[in-house]
Amino acid sequence: MSTIIVPAHATSITDDVEQLHKAFSGWGTNEKLIISILAHRDAEQRKQIRETYSATHNEDLLKSLDKELSNDFEKLVLLWILSPPERDAYLVNEATKRWTKSNQVVVEVVCTRSSHDLLLAKQAYHARYKKSMEEDIAYLTKGDFRKLLLPLVATCRYEGSEVNMTLAKTEAKLLHEKLDDKCYNDDDLIRILTTRSKFQINATLNQYKNIYGEDIIKELEEDSKDEYISLLRATLECLTYPEKYFERVLRLAINKTGTDEGALTRVVATRAEVDMKVIKEEYLKRNSVPLDKAIAKDTRGDYEDMLLALIGCVDE
């Protein structure tokens, strides 16, 4: 499916707003028109569209869309319309309502965002839910899950690229010792994952592989049926190679009996403007099938069209 990105100067925000309002008028909703506009506007343009729509028609665009759309297509469009911080706040809050695999959604948000973006998400959480992200996670989790997730959410990582190689070697040995003893909830192990910069953690994992000849993430796969260890592995992947992590989420969402539309929707909406090009490359390498063909095979209608438009939008 060919994707055409409309430059900001090629159409006015006012035109977009009026076209969207027209899509809701008359008999039935013009879903194709909605896709043709929203799937081809960047985050700043979508923000302006929402603000102008509210000022012009005295209603939040989200409410208009909610009334007109349905099912997975509606969920995808609504998630896409939210600003990235609002979206992250919403995803974390939804995850706190069902603590199973949803733990990994929290890890996705807090480990793949920059410190600044995580701060914006926490501010959006304050504004929307009148409490802190940390408060909900501390209250709704327990045991090892709380021990890992709470400092991950609370941290403000250093974003620089400087690396201390002596420290990397020392902490690689420490991680090996803890994993060898199966001390997966050890305080020092969690301290390293929740406080070190992403560059420093990458250096530590590289040292781990150099010294012991094993990839620490692959070692954790052996105990992947344990939910906490699976969360630990997701944390490491999201901190060091998020594209590979998201490829796996998409693969598991599509390549099974029945599509996991929730995971598919979440990954496409959150990564379309970030690293979808690399995720698609990873998907093709791992599955020998292009992501767009896999999605087209498993989805239908407007939902399929919106997904395909979004995963193509970084290619132009």
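An unreviewed UniProt entry lists the chain under the name Annexin, from Lactuca virosa. The Sequence similarities (unreviewed entry) comment attached to the chain in UniProt states, word for word, "Belongs to the annexin family."

Helix and strand counts for the chain come out as 20 helices and zero strands. A globule of 316 residues ought to have a C-alpha radius of gyration of about 20 Å, and the chain, at 21 Å, matches this closely. In terms of its C-alpha atoms, the chain occupies a principal-axis envelope of roughly 65 × 45 × 35 Å. Intrachain contacts of the chain at a sequence separation of at least 6 include 71% that bridge at least 24 residues. Only carbon and sulfur atoms are counted for the fraction: they give 50% of the accessible area of the chain, which is about 15,400 Å². When the 46 basic and 55 acidic side-chain charges of the chain are each reduced to a single mean position, those positions are 2 Å apart.

Tallied over the entire structure, the rule returns 24 salt bridges. Across the pair Lys 285 and Glu 282 runs a salt bridge, and its minimum N-O distance is 3.6 Å. Here the residue Lys 285 and the residue Glu 282 both occupy positions in helix α18 (residues 276-287), the gap between them amounting to three residues, near one helical turn. What makes Lys 285 exposed here is its relative accessible area of 61%. We classify Glu 282 as buried; its relative accessible area is 8%. What you see here is one network of salt bridges that share partners, running through Glu 171, Asp 188, Arg 191 and Arg 196.

This part takes up the packing of aromatic side chains. Counted according to the given criterion, the structure contains five aromatic pairs. Each ring, one from Phe 24 and one from Tyr 53, has its centre 6.3 Å from the other, and the planes form 75°; the classification is edge-to-face. Of this pair, Phe 24 sits in helix α1 (residues 13-24) while Tyr 53 is found in helix α3 (residues 43-57), placing the two residues 29 residues apart along the sequence. Just as Phe 24 is buried, Tyr 53 falls in that class too. Seen from their ring centres, Tyr 208 and Tyr 212 are 5.3 Å apart, and the 55° between their planes marks the pair as tilted. Linking Tyr 208 with Tyr 212, this pair stays in helix α13 (residues 198-212), spanning four residues, or about one helical turn. Taking the ring centre of Trp 80 as reference, the NZ or CZ of Arg 46 above it sits at 3.7 Å.

Now for α3. Between its terminal C-alpha atoms α3 stretches 21 Å, which fits the 21 Å expected from 15 residues at 1.5 Å a residue. When α3 is considered as a whole, its buried residues turn out to be Gln 45, Arg 46, Ile 49, Arg 50 and Tyr 53. Projection of α3 onto a plane perpendicular to its axis shows the buried side chains occupying an angular sector of 140°, all on one side. Near the N-terminus of α3, the side chain that reaches the backbone nitrogen of Glu 44, with its oxygen 3.2 Å away, is that of Asp 42. Positive backbone phi, approximately 55°, marks Asn 58, located one or two places after α3.

What follows covers unusual backbone geometry. Glycine aside, the phi torsion of most residues is negative, and most peptide linkages are trans. The phi dihedral of Asn 71 falls on the positive side, at around 60°, and the residue is not glycine. Residue class for Asn 71 comes out exposed when judged on its relative accessible area of 58%. A positive phi is found at Lys 182, a non-glycine position, where the angle reads about 55°. Tracing the chain through its elements places Lys 182 in the loop between α11 (165-180) and α12 (187-195). Residue Lys 182 is classed as exposed on the basis of its relative accessible area, which comes to 54%.

Formed by 94 residues in total, the largest nonpolar core has its most connected members in Leu 65 and Met 306. Per-element tally for this core: the top contributor is helix α15 (residues 227-240), with eight residues. Beyond its immediate stretch of four places on either side in the chain, Leu 65 contacts Phe 24, Ile 34, Leu 38, Val 77, Leu 78 and Ile 81.

Per the UniProt record, "binding site: Ca(2+) 1" (unreviewed entry) is found at Phe 24, Gly 26, Gly 28, Glu 68, Ile 254, Lys 256, Gly 258, Ala 296, Thr 299 and Glu 304. With respect to the helices and strands, the residue Ile 254 is situated in helix α16 (residues 242-254). We classify Ile 254 as buried; its relative accessible area is 4%. Not counting the four nearest positions on each side in its chain, Ile 254 is found in contact with Leu 264, Tyr 283, Leu 291, Ala 294, Ile 295 and Asp 298. Within the secondary structure, Glu 304 is located in helix α20 (residues 301-312).

Cut-offs applied
- Residues numbered from 1 in each chain as written.
- Predicted model: local features only at pLDDT ≥ 70, side-chain atom pairs only at ≥ 80, totals over all residues.
- Heavy atoms only, no water.
- UniProt positions renumbered as here; feature names shortened; annotations may be inferred.
- Helix = DSSP H or I, 4+ residues; strand = E, 2+ residues; numbered from the N terminus.
- Rg over C-alpha atoms; globule rule 2.2 N^0.38 Å.
- Contact = heavy atoms within 4.5 Å.
- Areas by Shrake-Rupley, 256 points an atom, 1.4 Å probe, with all protein chains shown as cover.
- Lys, Arg positive; Asp, Glu negative; His and termini not counted.
- Charge placed at Lys NZ, Arg CZ, Asp CG, Glu CD.
- Salt bridge = Lys/Arg side-chain N within 4 Å of Asp/Glu carboxyl O.
- Buried < 20%, exposed > 50% of the residue type's maximum accessible area, 1.4 Å probe, protein only.
- Phe/Tyr/Trp six-rings, centres within 6.5 Å; stacked < 30°, edge-to-face > 60°.
- Lys NZ or Arg CZ within 6 Å of the ring centre and 35° of its normal.
- Expected span 1.5 Å × (residues − 1).
- Arc of directions from axis to C-beta.
- Polar contact = N/O pair within 3.5 Å; in protein donor to acceptor, adjacent residues only side chain to side chain.
- Core = buried A, V, L, I, M, F, W, Y, C linked by side-chain atoms within 4.5 Å.

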